[in-house]
Structures are given as structure tokens and as C-alpha cells.
Amino acid sequence: EDASQSLVYQHTAAPLASDLLEGFNCALISYGQTGSGKTHTMMGGNSSDGTTTTTTGKKKSSSTSTINDEKSGMIHRLIKDIFQQMKESPPSIEYIVRCSFVEIYLEKILDLLNPANRSIQILEEGSGLGSMMGGSSTAALSSSLDG
């Protein structure tokens with residue numbers, strides 16, 4: 001069945017933004033067979049003018065760098081919501097936003113920010129805040145355009 005990127009986001013990934021800001025580790029996971037639309041769902045699709053939406057939601061072309069919300073994928077939408085909710089929170093609250101991008105393929109964890117990194121492990125946190133990827137590279141984000 002066909003569903004818009006917005007509908008899929010609202011029913012799956014949108015709740016993660018508030019969970020993250022409450023201190024929980026969260027994962028946005030796409031699973032499926034080759035050709036099932038994982039990359040399209042996570043990163044977005046092509047716009048009508050032929051440019052491609054990147055993970056930041058920016059259209060990749062020599063003439064434009066505008067955000068195409070209709071075609072934006074889950075990653076861009078979640079990052080955008082996180083920073084919007086941070087903006088709306090009391091100024092006394094400080095946040096540090098870090099992300100990792102990994103791929104699990106043939107039971108191997110690949111670090112997409114540092115492909116040479118082979119020391120990633122899945123770790124449980126004793127505090128009850130969820131699991132995390134130990135040893136994976138992280139990128140600090142200061143705005144929704146960084147993601």
C-alpha cells in the first residue's frame with residue numbers, strides 16, 4: 001500500500017523526538033529486502049525537477065539548496081522536529097545532540113561515518129535509557145541543517 005513520507009513519519013518516527021529530549025537513546029531503523037524502499041524512506045526521494053533530496057533534506061543540484069518537505073525522508077524529518085522542540089523548550093535547558101549512522105548487513109555493523117571503524121558493539125545501558133552503539137563514530141549537530 002502507498003503512504004506519504006509524512007504519514008509514515010507521523011506513525012513511526014515522530015514520537016522519537018520527545019523521547020530523545022527526555023534523555024532516552026533512540027534508534028530509527030529501516031529493515032527489509034533489497035529494493036523494498038529503505039533508502040527512500042530514510043533519506044527521501046527525487047523531486048519533480050530531478051534533483052535529489054539528501055539526508056539533510058537539501059536538494060542536491062547546482063541551482064538550489066532548498067528543503068523539499070514533501071519528499072523529505074525520516075532522518076531529515078526527525079532532526080527537524082528535534083531542533084524545533086529544543087527551540088520551544090525553556091532557555092534554561094541545554095542540549096547536546098549527537099548522532100551515529102550505522103548499517104547492519106550480513107550480521108556486521110558498518111560505521112557509515114567512518115567506514116574504516118570495525119570496533120562497534122551494541123551495549124545495554126544500566127540506567128534504563130536504552131541500548132547504544134559502543135565504538136561507533138558520532139557527529140555533533142548544532143542545527144537541523146547539520147543532519
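Nothing here was measured: the structure is a model prediction, and the numbers come from that model.

Q: I would appreciate a short explanation of the overall build of the protein in the present structure.
A: On a plain count of helices and strands, the protein comes out with four helices and eight strands. In the protein, the succession of α and β elements from N to C terminus is α-α-α-β-β-α-β-β-β-β-β-β. For the protein, the residues scored as buried account for 27% of the 147 residues in total. Total accessible area computed for the protein in this model is approximately 9,900 Å², and 51% of it derives from carbon and sulfur atoms.

Q: Help me understand the side chain of Arg77, please; the structure alone is not making it clear to me.
A: Take Arg77: it is sitting in helix H4 (residues 74-88). For Arg77, a relative accessible area of 12% puts it in the buried group. Within the structure, Arg77 has its side chain in polar contact with the backbone oxygen of Ser72 (distance 2.8 Å). Not counting residues up to four positions away in its chain, the partners in contact with Arg77 are Gln5, Ser6, Tyr9, Asp69, Glu70, Lys71 and Ser72.

Q: Explain the nonpolar core here, please?
A: In summary, soluble globular proteins display a tendency toward joint burial of nonpolar side chains. Counting 16 residues, the largest nonpolar core has Tyr9, Leu78, Phe83 and Leu141 as its most contacted members. Mapped onto this core, the elements with two or more residues apiece are helix H2 (15-21), H4 and strand S3 (97-99). Of all the elements, H4 adds the most residues to this core, at seven residues. The residues contacting Tyr9, other than those within four sequence positions of it, are Ala14, Met74, Arg77, Leu78 and Asp81.

Q: For this particular structure, what's the right way to read the environment of Ala13?
A: With respect to the helices and strands, the residue Ala13 is situated in the loop between helix H1 (5-12) and H2. Residue classification places Ala13 among the buried residues on the basis of a relative accessible area of 0%. Counting along the chain gives 15 residues from Ala13 to Leu28, while the straight-line C-alpha distance between them is 6.9 Å.

Q: Where do I start with the side chain of Ser137 in this structure?
A: Of note, Ser137 is situated in the loop between strand S7 (131-134) and strand S8 (139-141). Not counting residues within four places of it along the chain, the set of residues in contact with Ser137 comprises Cys99, Ser100, Asp111, Leu113, Asn114 and Asn117.

Q: In this structure, what is going on with the confidence of the model for the protein? I would like to understand it.
A: The predicted structure's coordinates, where accompanied by low pLDDT, should not be read in detail. Taken over all residues, the pLDDT of the protein has a mean of 80, while the share at 70 or more is 78%. Least confident of the elements in the protein is strand S1 (residues 52-53), whose mean pLDDT is 44; most confident is H4, at 93. In the predicted structure, residues 48-67 sits below a pLDDT of 50 and forms 44 contacts with residues beyond four places in sequence or in another chain.

Q: Looking at this structure, how should I read unusual backbone geometry?
A: With a phi angle near 55 degrees, Leu106 is a residue other than glycine that sits in the positive phi range. The class for Leu106 is exposed, based on a relative accessible area of 66%. With a phi close to 65 degrees, Glu107 is a non-glycine residue in the positive phi region. Take Glu107: it is sitting in the loop between strand S4 (102-105) and strand S5 (108-111).

Q: What should I look at first to understand the packing of H1 against H4 in this one?
A: What describes two packed helices is the angle between their axes and the distance between those same axes. Between H1 and H4, the shortest axis-to-axis distance is 10 Å and the interhelical angle comes to 60 degrees. Between H1 and H4, the angle falls in the class oblique. The crossing of H1 and H4 is right-handed. For the pair H1 and H4, contact is made by Gln5, Ser6, Val8, Tyr9 and Thr12 and by Met74, Arg77, Leu78 and Asp81, respectively.

So, how was this worked out
- Residues numbered from 1 in each chain as written.
- Predicted model: local features only at pLDDT ≥ 70, side-chain atom pairs only at ≥ 80, totals over all residues.
- Heavy atoms only, no water.
- Helix = DSSP H or I, 4+ residues; strand = E, 2+ residues; numbered from the N terminus.
- Buried < 20%, exposed > 50% of the residue type's maximum accessible area, 1.4 Å probe, protein only.
- Areas by Shrake-Rupley, 256 points an atom, 1.4 Å probe, with all protein chains shown as cover.
- Polar contact = N/O pair within 3.5 Å; in protein donor to acceptor, adjacent residues only side chain to side chain.
- Contact = heavy atoms within 4.5 Å.
- Core = buried A, V, L, I, M, F, W, Y, C linked by side-chain atoms within 4.5 Å.
- pLDDT = per-residue confidence, 0-100.
- Axes fitted to C-alpha atoms, helices over the stretch in contact; angles between N-to-C directions.
- Parallel < 35°, antiparallel > 145°, perpendicular 65-115°, else oblique.
- Left-handed = near helix turned anticlockwise from the far one by under 90°.

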